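Summary of the model geometry
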Amino acid sequence: MTASTNPFLDATVQEGLYRHASRLSARTSALHRAKTRGRPVAEVIADLAAAHLLTPRPPLVIDIGCGRGTSSRVLTERLRPRRLIGIDASAAMLNDARTRLGVTGNAVSFVRADFHHLPVPSGTCTVAVAAFCLYHAPRPEAVIVEIARTLAPGGIAVLVTKSADSYRDLDALVADAGLDPDAPRRESLYTAAHSANLAGLAEPVLPIEHLEHEEHGFTFTDLSHVAEYLATSPKYHLPAELHGAPAAIAAALRARLSNAPVSTTSVVTYLLARKPEGAR
């Protein structure tokens with residue numbers, strides 16, 4: 001993977017972002033506490049998979065870009081697969097997932113791998129989930145081709161991403177505070193695979209059976225809450241003394257802005273595609 005100015009497409013930056021599970025945990029916690037509208041993503045993924053399965057108890061489910069294992073846990077509980085493999089490029093995320101799920105035995109396992117080269121034999125997977133990870137690939141269509149390779153005939157892929165303009169209100173806030181004046185003009189973190197282009201990426205590879213977009217709403221209670229999120233986002237070019245320091249970010253915001261609730265939105269897109277029967 002070549003370097004990019006987009007941190008989500010720069011391999012070196014990606015490694016730093018996911019070297020410790022605590023960063024993603026803090027980011028997710030800040031968003032979850034701010035969320036006012038939108039269904040739990042892992043539950044929607046499981047509902048879609050269950051509704052489109054051809055047979056109960058799938059032999060093999062893979063959760064690509066599984067992170068800390070939230071979707072892996074829900075898929076295990078809802079689908080009761082004979083085997084589930086969580087796959088991620090970050091050893092720290094996988095260790096956290098193992099701890100959170102209390103993994104024992106072979107029914108659930110977590111494997112470190114690049115999603116361009118999935119450690120799964122061709123034609124063996126009943127359900128493949130790739131949620132909030134395709135935008136880390138400069139060519140996400142190549143990842144979708146690799147996902148299709150793993151699917152058994154009739155198997156389904158559930159792909160999930162966000163809109164390119166997700167959390168744009170925070171870009172304006174950071175600029176208005178003078179912390180990063182160029183934030184509103186900077187490329188979206190999700191530019192490689194977002195709500196508007198996901199179907200176009202998937203359709204040449206797998207027939208699409210279901211596509212839906214759902215707007216999620218978030219209201220951060222005050223600038224300290226906003227700062228918790230900003231401290232974990234790689235998008236912003238903050239002054240060096242503010243890097244990873246939510247208290248310092250909050251103080252800098254309060255020096256320029258009213259300490260009032262801050263609202264923003266993100267569209268989450270769910271796509272389900274199926275490998276045709278008889279396909280190889």
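These lines cover the structure that appears in this document, whether it is placed above or below. (Residues numbered from 1 in each chain as written. Predicted model: local features only at pLDDT ≥ 70, side-chain atom pairs only at ≥ 80, totals over all residues. Heavy atoms only, no water.)

Brief notes about the environment of Arg-80
Within the element layout of this structure, Arg-80 appears in the loop between α4 (70–79) and β3 (84–88). Its relative accessible area of 47% is what places Arg-80 among the partly exposed residues. Setting aside chain neighbours within four positions, we find Arg-80 in contact with Arg-57 and Leu-75. (Helix = DSSP H or I, 4+ residues; strand = E, 2+ residues; numbered from the N terminus. Buried < 20%, exposed > 50% of the residue type's maximum accessible area, 1.4 Å probe, protein only. Contact = heavy atoms within 4.5 Å.)

Things to note about the side chain of Arg-186
Structurally, Arg-186 is set in the loop between α7 (168–176) and α8 (198–202). Owing to a relative accessible area of 17%, Arg-186 belongs among the buried residues under this scheme. Only 3.2 Å separates the side chain of Arg-186 from the backbone oxygen of Lys-235, close enough to count as a polar contact. Setting aside residues up to four positions removed in sequence, Arg-186 forms contacts with Arg-168, Asp-180, Lys-235, Tyr-236 and His-237. (Polar contact = N/O pair within 3.5 Å; in protein donor to acceptor, adjacent residues only side chain to side chain.)

Things to note about empty space enclosed by the protein
Counted according to the given criterion, the structure contains one cavity of 30 Å³ or more. Considering only residue class, the lining of the largest cavity consists of six nonpolar, three polar and two charged. (1 Å grid on protein atoms, 1.4 Å probe; cavity = no way out; pocket = protein on both sides within 12 Å on 5 of 7 lines; lining within 4 Å. Points joined across faces, edges and corners; volume = space filled by probe spheres on them. Nonpolar A, V, L, I, M, F, W, Y, C, P; charged D, E, K, R; others polar.)

Side note on unusual backbone geometry
Apart from glycine, the bulk of residues carry a negative phi angle, and the bulk of peptide bonds sit in the trans form. Of note, the phi angle at Arg-57 is positive, near 50 degrees, even though the residue is not glycine. Here Arg-57 is to be found in the loop between α3 (41–52) and β2 (61–64). One non-glycine residue, Phe-132, lies in the positive phi region at around 55 degrees. As for its placement among the helices and strands, Phe-132 is situated in the loop between β5 (125–131) and α6 (140–150). For Phe-132, a relative accessible area of 25% translates into the label partly exposed.

Function cannot be inferred from these measures alone, as they are strictly geometric.
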